[in-house]
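Architecture and fold: a report
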Amino acid sequence: MSRISRRGFLGTAATLGAGAAALPAIAGPKTHPPGWSGTERVDEVATTCEMCFWRCGVIASVVDGKVLRVRGNPEHPQNQGRLCARGNAGTGLLYDPDRLKTPLLRTGERGEGQFKAVSWDEALDFLAGKLVEIRERHGAESVAFFPHGNGARFFGTLMKAYGTPNSAEPSFAQCRGPREVGYSLTFGQALGSPEPVDLEESKLVVLIGSHLGENVFTSQINAFATGLSAGAKLITVDPRFSMAASKSDWWLPIRPGTDIALLLAWMNVLIGEGLYDKEYVASYAHGFDELAAHVKEFTPEWAEAITEIPAAKIRETARAMGEAKPAVAVHPGRHVTWYGDDTQRARAMAILTALLGSWGRKGGIFLPTSIEKGSFDLPDFPESKRGRADGAGEKYPFAIEELGVTNGLIDATLSEKPYPIKGWIVYGQNMLESIPQPSRTIEAIKKLDLMVVVDVLPVDQIKYADLVLPEATYLERYDSPTIVESAKRPFIAVRTPACEPLYESKPGWWIAKELAKKLDLGAFFPWETPAEHLEKILEPAGVNEKHLLSCGAVSFSGKPYLEDRAPEDRTFDTSSGRIELYSQDLADHGADPMPRYTQPVEPPKGFVRLIYGRAPMHSFARTQNNATLNGLMPENEVWLHPMAAKAAGVGNGERVVLENGDGVKSDPVKVFVTEGIRNDCAYLVHGFGQKTKALRRASGKGASDNGLMSRVNVDPLTGGTGMRVNFVRPVKA
Amino acid sequence: MARYAMVTDLRKCVACHACTASCNAEWDVPASYARTHVKTTPLAGTFPNLSSSPYVAQCNHCDHPPCVPACPSGATYQDAGGVVRVDADVCIGCAFCVDACPYEARYVSPRTKKVDKCDFCSPRIARGEQPACVATCPAGAKHFGDLEDRDGEVHRIVFHEGARRVETTDVAVGPNVYYLGRPEHLDLVAKSFPPHAPRYPVAREAWKRLIKPLVLGVVGLSLVGQAVAFFNQLHKGEEDFDE
């Protein structure tokens, strides 16, 4: 038994970048990894998963430097030992033979994909030289940074130190941006991730386009299932019969793009029939009379004509909400950039939540509890005279600058306005799959003097790169600690290496720190080792690093509900200091102060609307090459209603090419004919149809939804790209 | 004696495949193979009045497992806890049990050429742990335990909460895997994934898959024996020579 030990990196700080050494052995075998003979020493490393971005706790079992198994960490406050398919398949990423192995420098023309392997020293010298050159010739702002994931945080610091404010991640303008802004305008507070939906305590869950079950985040699914099994009712609004729809008490197959009409009609019933939470609204809300007057005309009959949901069903579901309030969880969704009016739809959902008295209430949306975190005294970041190029705060007045507008940076690169962008650093994302209008992205790349990709896998855009840097996977690296405040019990968790980085890959912190040295920006990284970095951040929270490293996460007591807080602390950080049913901020920017339905563009004859979503075995376009996950779902299928299939002359199981209104064609994809989708839609699981041959398992499997998104409706408030505005027709392959 | 059983609560299950992925990692199951499969029933009804249910298939550890008598080598057996297991050292990979299983819960590993299947994570049970699929299930939809433990969760669910098994009047072999769900969903599961009657090999198949390898094995062994004798002789000869 003494052969089993846990290990962490304390006391071995200096070697962290290259792995970790053992702590004194503790008693008891906790893991019996597959392939373990029963005699070698097993090291257990408690760390944080990154097969998606929910940040579950995992235990990696390591024998002789090899990670044999990744399991859920039973002591982790978020997932309590549970882990989804992707998390269980973690070693498939670590040992993916197609991983990037060394730094690569372009040799051929850009786009040809010809590279030579170079040393890190050579690679970083090249990069530092280019960055200095661009700063001298065009100004530091002419470098744009596209980060994703925890590993990119250190690089983000470096980019600020270098002098560019131009950082933007797809998690805003291609994902949850409008949601954060819509809720922030209403409650004075963005939702954050994980979104704080009290599913387990809810009496009624309302999903608007959310496909929980196919979209799997372990703790959220657990709360969802717990709530349902405790008797919660479920309303699912989705043009597709999703897994959630199959569990619903009411499935409302809405005409796509008309959700705001449904939401307004629900408000009409709640207010008209006096079913809203009168006391809550009177205590906390601003603009109720204006809202009541505004929604008066939006009757269920009005909405029926728009949404194709019978008025009786709209009334019935509104009354169910009135009955269950305030324990109604109107799930705010996650990827919400659909039609370009998304901030207003998020506002409508937030206002509905407010009318039901559900914000800060058990079974509704709970409140975050802040955790104090330490930081280093860094030199001042250079101030940019030219400001941001992505339009955040200006063209897109409500965009959150910290997250940025990716498409704003692509627009700026193409138009050279407000100034030219000459360098891109893309970190941890497959931007040709994550950002719509990929042909524009490629056009923009062609205008650059410098294109750098930092990633674990050879994703599609690698072939356009001048320099490729191989990052270590989450199992091989330290990251800045995860601090999750939007949990009922907020927590701090740590990501720490379970094994040495394979090949020549390096952790993100090391890449940033080494490049900083070469740019004379070392002062922005005033720590020698990750352990030192961790210690500093944990200091104010009073968390012992050894304890954190041994168990992976430390949680704190939270104050998730308004009732947990003194009356004077039940405040809202809005202009009026109250929940804003009516938003003067929006009115001041010439936008509707209360949501209004706008008609979506309809598919032309012979076309159906392309909608898309997730499968539980895959995360974005990141996991299709994973042996286990590829085995579970090697390709996607296009869902078509029998009428749509018949009209196109295609049958179940046949291969088709999807062609959009602009003549863009997908790779061949199998047809799944099903009654479980409206006849005006086609559905694809996102992330497939990857082109690069370097991902041998993923290459050429299925169709890319993103590839078919040649159009977007940009949300004028946030810059979010509405992506459900593309129409396709299936053509026999 | 224990009588182990598994319950999957299909009201909670979202068909996320975490059980399969966890099982694959725990037992090093080759990609594209599985000891436990996640499925979804075909849709019943027409738009918009539809119904469907997830379904998790695995070895049912039947009271009367048709795979046991089908096994010519004695590799497949039922242990004291009712768990149906395969002794890989004895298995000859003939796959008769694969055909005999009404639940399609067995496969021949392309790596070892032996039959592999769910054994309720016997080594984990022996250590007092839950099976890997139960421990990982994000939805908390899986329950494992001893049916004979009257205070246990599984006993309660099976005997007092209306858990059902997937069986037909024709194929009733006493499965020990149970399902909870809305009645219409359980009906749909039963209709969509009925167990098939055990298939036992016909003579020709038996020749191809069992007798032929056996004969070849015997021939091969005799050849090996001859070779060993020959080299022994040679070796001895050399020794003789050295002496």
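In this text, all values refer to a predicted model and were calculated from it rather than measured experimentally. One numbering rule holds for all chains: residues counted from 1, following each sequence as written. Think of it this way: whatever chain is written first is A, whatever ligand is written first is 1, and the rest follow in order. This being a predicted model, a pLDDT of at least 70 is required before a residue's local features are given, and a value of 80 or more before pairs of side-chain atoms are given or counted; all residues contribute to the totals for chains, interfaces and linings.

Next up on the list: the overall build of chain B. Runs of H or I in DSSP of at least four residues are treated as helices and runs of E of at least two as strands, each being numbered from the N terminus. Broken down by element type, chain B carries 8 helices and 12 strands. Counting all 243 residues of chain B, 40% fall into the buried class. In chain B, of all internal contacts separated by at least 6 residues, the share reaching a separation of at least 24 is 60%. Every C-beta atom is placed from the backbone, and the number of other C-beta atoms within 10 Å of a residue's own sets its class: buried at 20 or more, exposed at 12 or fewer, partly exposed in between. Any two residues are considered in contact once their C-beta atoms, placed from the backbone, lie within 7 Å.

All names here are of chain A. Only the stretch in contact is used when a helix axis is fitted, and all axes are lines through C-alpha atoms; the angle between N-to-C directions ranges over 0 to 180 degrees. Put simply, helix α8 (residues 259-272) and helix α11 (residues 300-307) touch, their axes get as near as 9 Å, and they point 165° apart. Of the possible angle classes, the one that applies to α8 and α11 is roughly antiparallel. The two elements α8 and α11 meet at a crossing, and its hand is left-handed. Where α8 approaches α11, its residues Ala261, Leu262, Leu264, Ala265 and Val269 are matched on the opposing element by Pro300, Trp302, Ala303, Ile306 and Thr307. Oblique is the label for any angle not covered by the other classes, which are roughly parallel (under 35 degrees), roughly antiparallel (over 145) and roughly perpendicular (65 to 115). Crossing handedness follows the turn of the near helix against the far one: under a right angle anticlockwise gives a left-handed crossing, and clockwise gives a right-handed one.

Another point: the nonpolar core. Residue and element names in this part refer to chain A. Core membership is restricted to buried Ala, Val, Leu, Ile, Met, Phe, Trp, Tyr and Cys residues, and these are joined into a nonpolar core through C-beta atoms within 7 Å. Of all hydrophobic cores here, the largest spans 295 residues; its most connected members are Leu264, Trp266 and Val452. It is α8 that provides the largest number of residues to this core, a total of 11 residues. For leucine 264, the contacting residues outside a window of four places in its chain are Val295, Phe298, Ala303, Ala348, Pro595 and Tyr597.

A separate point is the interface of chain B and chain A. Residue-level contacts link 34 residues of chain B with 37 residues of chain A. Of all the elements in the fold, those that place two or more residues in the side of chain B that touches chain A are α1 (18-27) and α5 (132-136) of chain B. At 8 residues, α1(B) tops the list of elements feeding residues into the side of chain B that touches chain A. Looking at the side of chain B that touches chain A residue by residue, the classes come out as 18 nonpolar, 10 polar and 6 charged. When residues are sorted by character, Ala, Val, Leu, Ile, Met, Phe, Trp, Tyr, Cys and Pro go into the nonpolar class, Asp, Glu, Lys and Arg into the charged class, and all the rest, Gly among them, into the polar class.

A few words on the sheet that holds strand β12 (residues 328-331) of chain A. Residues and elements named next belong to chain A. Strand order across the open sheet formed by 4 strands is β10-β9-β8-β12, with parallel pairing between neighbours. Of all strands in the sheet, those with a lone pairing partner are β10 (250-252) and β12, marking the two edges. Neighbour-to-neighbour, the strand axes of this sheet turn through a mean angle of 10°, independent of strand direction. Two strands form a pair only when DSSP identifies at least two bridges running between them. Across 3 bridges, strand β9 (residues 233-237) lies against β10 in parallel orientation. Across the sheet, valine 237 pairs through a bridge with leucine 252, a residue of β10.

What follows covers the environment of A:Pro194. Residues and elements named next belong to chain A. Its place among the elements puts proline 194 in the loop between α5 (170-187) and β8 (204-208). Its 18 C-beta neighbours within 10 Å are what place proline 194 among the partly exposed residues. Along the chain, proline 194 and arginine 334 lie 140 residues apart, while their C-alpha atoms are 9.5 Å from each other. Ignoring anything within four residues of it in the chain, the contact list for proline 194 reads Trp54, Phe217, Ser219, Gln220, Val484, Ser486 and Ala487.

On to the domain arrangement of chain A, then. Residue and element names in this part refer to chain A. Note: domain ranges come from an automatic or database domain assignment. In terms of domains, chain A is made up of domain 1 (104-172 + 377-488 + 502-545), domain 2 (194-367 + 561-588) and domain 3 (608-732). Taking only C-alpha atoms into account, the centre of domain 2 sits 29 Å from that of domain 3. Taken together, the contact between domain 2 and domain 3 spans 17 residues of the former and 23 residues of the latter. For the side of domain 2 that touches domain 3, the residue count by class is 7 nonpolar, 6 polar and 4 charged.

Turning next to the confidence of the model for chain A. You can read pLDDT as the predictor saying how much it trusts each residue, on a scale of 0 to 100. Across chain A, the average pLDDT comes to 94, with 96% of residues at or above 70. Counting interchain partners and residues more than four positions distant, the pLDDT-below-50 stretch residues 1-29 of chain A has 63 contacts.

Bringing the pairing of strand β20 (residues 608-613) of chain A into the picture now. All names here are of chain A. For β20, the buried fraction is high: 5 of the 6 residues fall into the buried class. Here 2 bridges tie β20 to strand β27 (residues 727-732), and the two strands are oriented antiparallel to one another. What sits directly across from valine 608, in β27, is valine 728.

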